[in-house]
Amino acid sequence: MHELDNAVVMVCGGAGFIGSHFVRLLAEKYPRSKVVIFDALTYAGNLSTIQDLLSERVTFVQGKIQDPATVNGAIEANHVTHIVNFAAESHNDRSILDPGSFIHTDVFGVFVLCEATNKYKIAKYVQVSTDEVYGSIDQGRFNEDSPIMPNTPYSASKAGGDLQARAHHITFGTPVCVTRGGNNYGPYQYPEKLISFFAVRLLQGKKVPLYGDGTQVREWIHVADHCRGILTVLLSGVPGTVYNIGDENERQNKQIVRILLEETGQNDELVKRIEDPRKGAHDKRYSMTSDRTRALGWKPQEDFETQVRNTVKWYRDNEWWWQPIIALPVYQDFVKAFYGRYLGEDL
Ligand SMILES: NC(=O)c1ccc[n+]([C@@H]2O[C@H](COP(=O)([O-])OP(=O)(O)OC[C@H]3O[C@@H](n4cnc5c(N)ncnc54)[C@H](O)[C@@H]3O)[C@@H](O)[C@H]2O)c1
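Predicted model only: the values in this text are computed from it and were never measured.

Calculation criteria
- Residues numbered from 1 in each chain as written.
- Predicted model: local features only at pLDDT ≥ 70, side-chain atom pairs only at ≥ 80, totals over all residues.
- Heavy atoms only, no water.
- Phe/Tyr/Trp six-rings, centres within 6.5 Å; stacked < 30°, edge-to-face > 60°.
- Lys NZ or Arg CZ within 6 Å of the ring centre and 35° of its normal.
- Near = heavy atom within 4 Å.
- Polar contact = N/O pair within 3.5 Å; in protein donor to acceptor, adjacent residues only side chain to side chain.
- Areas by Shrake-Rupley, 256 points an atom, 1.4 Å probe, with all protein chains shown as cover.
- Helix = DSSP H or I, 4+ residues; strand = E, 2+ residues; numbered from the N terminus.
- Nonpolar A, V, L, I, M, F, W, Y, C, P; charged D, E, K, R; others polar.
- Axes fitted to C-alpha atoms, helices over the stretch in contact; angles between N-to-C directions.
- Parallel < 35°, antiparallel > 145°, perpendicular 65-115°, else oblique.
- Left-handed = near helix turned anticlockwise from the far one by under 90°.
- Contact = heavy atoms within 4.5 Å.
- Salt bridge = Lys/Arg side-chain N within 4 Å of Asp/Glu carboxyl O.
- Buried < 20%, exposed > 50% of the residue type's maximum accessible area, 1.4 Å probe, protein only.
- Pairing = 2+ DSSP bridges.

## Some remarks on the packing of aromatic side chains
So, point 1. Following the criterion strictly, the structure yields 20 aromatic pairs and no others.
So, point 2. Each member of the aromatic cluster is reached from another via a ring pair, and the members are F197, F198, Y211, F334, F338 and Y339.
So, point 3. Taking the ring centre of Y43 as reference, the NZ or CZ of R94 above it sits at 3.7 Å.
So, point 4. Against the face of F334 rests R94, its NZ or CZ located 4.1 Å from the ring centre.

This is the structure in C-alpha cells:
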C-alpha cells in the first residue's frame, strides 16, 4: 500500500497547463487515489483540458483559492488529505497590464491554502512556484538558498506566496514545501507563452513577435519532467523546504524560434523583432541548480529538441483544443493590447 493510495489530493489550478498534466500523472500512477480539481476557470483554465479525466475518482470544483469559504467547503466535502497548488496568475506580460489580480491569487490565495492546511490537518501542501523569483543571473546558477530578487509584478507576487508558505511553516508548523520550476513547455499550454504562442501562430502562417535581439536565456523543462519533480516533492519533500526543479537546459529565445520555424516549415520572414515591452524588467538569464530535488531521486528524462518538436506536432494535431481558445475576445484583446502595434493587421 502506498501513501497516496487512499489519499484525496486537491489540485488547485488543475484545469490549467501544468496542473492538468499533474492530474494525469497522479491518475496514472495512483489509480486508487482521489483527485479534486479546484480551479476558478480564469481565461487560462479550460474544462476541455480535463474533460477526459473527470470520473468518480477525479472530480471538479469551481472556486478561487483566495476565497476561504469555497476552499474550506471543498476540503470538508471531499475529505482532502493533500494539496498541490498550481493556481496562479502566471503570465509576465499580463502582470504588466494588470498587476493587482496577481497579488490576490498568488499571495493571498497561498495564505488561504496555508490556513486551510493547518485547520484541516492536511498531510502535505506543495506550493508550485517559479525560478523567476530569483531574478536574473549573468553567470553561475541560483540554488534554493539564493536571495529572492523578483523583477516583475508576476515574479514578485509568486515570491510573496513563497514567503507566506515559509512563514506559515516556521510560525505554525504548516507542512508545506515550495517547488521552483524552470520555464515549462508541452501540450495544453495556453497559447500566450513563447513556445505555445509561436507554435500556434506559425502553424497559421502568422507573424511572431520576438523581443529585442532574442538572446534572453531561459532554463527549459518539459512539463512531464516538472510534474514528476512535483510528485517527488509531494511524496518525499521535507516540510519547510524549497526545491528547485530545472533541467539545466539553457537556450536563447532565438534558438528556440529556429526549431519552431523548422518544425512548422516557416521561414525568418515571419519573425518580427520588436522593442521589449518589459523594459528594465526583462530578465536576461534564469539559471538554477536542482541538486536538492535530484537528491530525492528525481531526474529529468526528456530531450529538449525532440520534445519541442513533439509539442509543435501536438498543436498541429489538436486544433480542436486551441482554435476555440484563440477565437475568444479575451485572447484576441490580449494579443491586440500587447502586440497590436507591432503586428499590424496580422493579429
Ligand atoms: N508555465 C511555466 O513555465 C511555469 C514555470 C514554473 C512555475 N510555474 C507555476 O506553475 C503554476 C501553473 O502554471 P501554468 O503555466 O500551468 O498556468 P496556467 O495559467 O496554465 O494555469 C493556471 C490555472 O490556475 C487557475 N487559476 C487562476 N487563478 C485562480 C484562482 N484565483 N483560484 C483558482 N484557480 C485559479 C486558472 O483557471 C488555470 O486553470 C503557476 O503557479 C506558475 O506560477 C509555471
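Picking up after the structure, the text goes on.
## Thoughts on the site of the ligand
So, point 1. Around the ligand there are 30 residues in total, and I18, D39, Y154, K158 and N184 lie nearest to it.
So, point 2. Here I65 contributes a backbone N or O atom positioned 3.0 Å from a nitrogen atom of the ligand.
So, point 3. Expressed as a share of its isolated accessible area of 830 Å², the protein-covered part of the ligand is 97%.
So, point 4. Where the shell around the ligand is concerned, the elements lending two or more residues are helix 1 (17-29), strand 5 (124-130), helix 6 (153-172) and strand 7 (183-185).
So, point 5. It is strand 5 that provides the largest number of residues to the shell around the ligand, a total of 3 residues.
So, point 6. Residues of the shell around the ligand, tallied by class, amount to 12 nonpolar, 14 polar and 4 charged.

## With respect to the packing of helix 5 (residues 99-119) against helix 6
So, point 1. The interhelical angle for the contact between helix 5 and helix 6, taken along N-to-C directions, is 15°, at an axis separation of 8 Å. Classified by the angle between their axes, helix 5 and helix 6 sit roughly parallel to one another. Crossing handedness for the pair helix 5 and helix 6: right-handed. Where helix 5 approaches helix 6, its residues P99, F102, I103, D106, V107, V110, F111, C114, E115 and N118 are matched on the opposing element by P153, Y154, S157, K158, G160, G161, Q164, A165, H168 and F172.
So, point 2. Looking at the contact of helix 5 with helix 6 residue by residue, the classes come out as 11 nonpolar, 6 polar and 3 charged.

## Examining the pattern of salt bridges
Close approach of charged atoms allows side chains of opposite charge to pair.
So, point 1. A complete count under the given rule lists 14 salt bridges for this structure.
So, point 2. The shortest N-O distance in the salt bridge between D5 and R32 comes to 3.2 Å. Remark: R32 occurs in the loop between helix 1 and strand 2 (34-39) and D5 occurs in the segment before strand 1 (8-12); sequence separation between them is 27 residues.
So, point 3. Look at D5 and you get buried, because its relative accessible area is 8%.
So, point 4. Note that E263 and R309 form a salt bridge whose closest N and O atoms lie 2.9 Å from each other. Residue E263 is found in helix 9 (residues 253-264), and its partner R309 is found in helix 11 (residues 304-317); the two are separated by 46 residues along the sequence.

## Observations concerning the sheet that holds strand 1
Sheet strands pair via backbone hydrogen bonds, and the direction of the pair is either parallel or antiparallel.
So, point 1. Pairing within the open sheet is parallel, and its 7 strands lie in the order 3-2-1-4-5-6-10. Taken across any chain shown, the strands that pair with only one partner, and hence form the sheet edges, are strand 3 (58-62) and strand 10 (242-245). In this sheet, adjacent strand axes meet at a mean angle of 20° when their direction is disregarded.
So, point 2. The pairing of strand 2 with strand 3 spans 5 bridges and is classified as parallel. Paired with V35 across the bridge in strand 3 is V58.
So, point 3. In this fold helix 8 (residues 223-236) packs onto strand 4 (82-85), strand 5, strand 6 (176-181) and strand 10, with an angle of close to 145° to the strand it touches most, strand 5.

## Re the side chain of S290
So, point 1. Along the polypeptide, S290 turns up in the loop between strand 12 (271-274) and helix 10 (291-294).
So, point 2. A polar contact is formed between the side chain of S290 and the backbone oxygen of N244, at a distance of 3.5 Å.

## Considerations on the side chain of E192
So, point 1. On the secondary structure map, E192 appears in the loop between strand 7 and helix 7 (194-203).
So, point 2. A polar side-chain atom of E192 sits 2.9 Å from a polar atom in the side chain of Y43.
So, point 3. A polar atom in the side chain of E192 sits 2.6 Å from the side chain of R94.
So, point 4. Residues within four places of E192 in sequence aside, it is in contact with Y43, H91, R94, F197 and F334.

## Section: the sheet that holds strand 9 (residues 217-222)
So, point 1. Across the sheet, 3 strands lie side by side as 7-9-11; this open sheet has mixed pairing. Every other strand in the sheet has two partners, leaving strand 7 and strand 11 (250-252) as the edge strands with one partner each. Between one strand axis and the next, the sheet turns through 50° on average, direction left out of account.
So, point 2. Of the strand pairs in this sheet, strand 9 and strand 11 are connected by 3 bridges, and their pairing is antiparallel. Looking at the pairing, R218 lines up with R251 of strand 11.
So, point 3. With respect to the sheet, helix 8 is in contact with strand 7 and strand 9, its orientation differing from that of strand 9 by roughly 75°.
So, point 4. Packed on one face of the sheet, helix 9 meets strand 9 and strand 11 and runs near 80° to strand 11.

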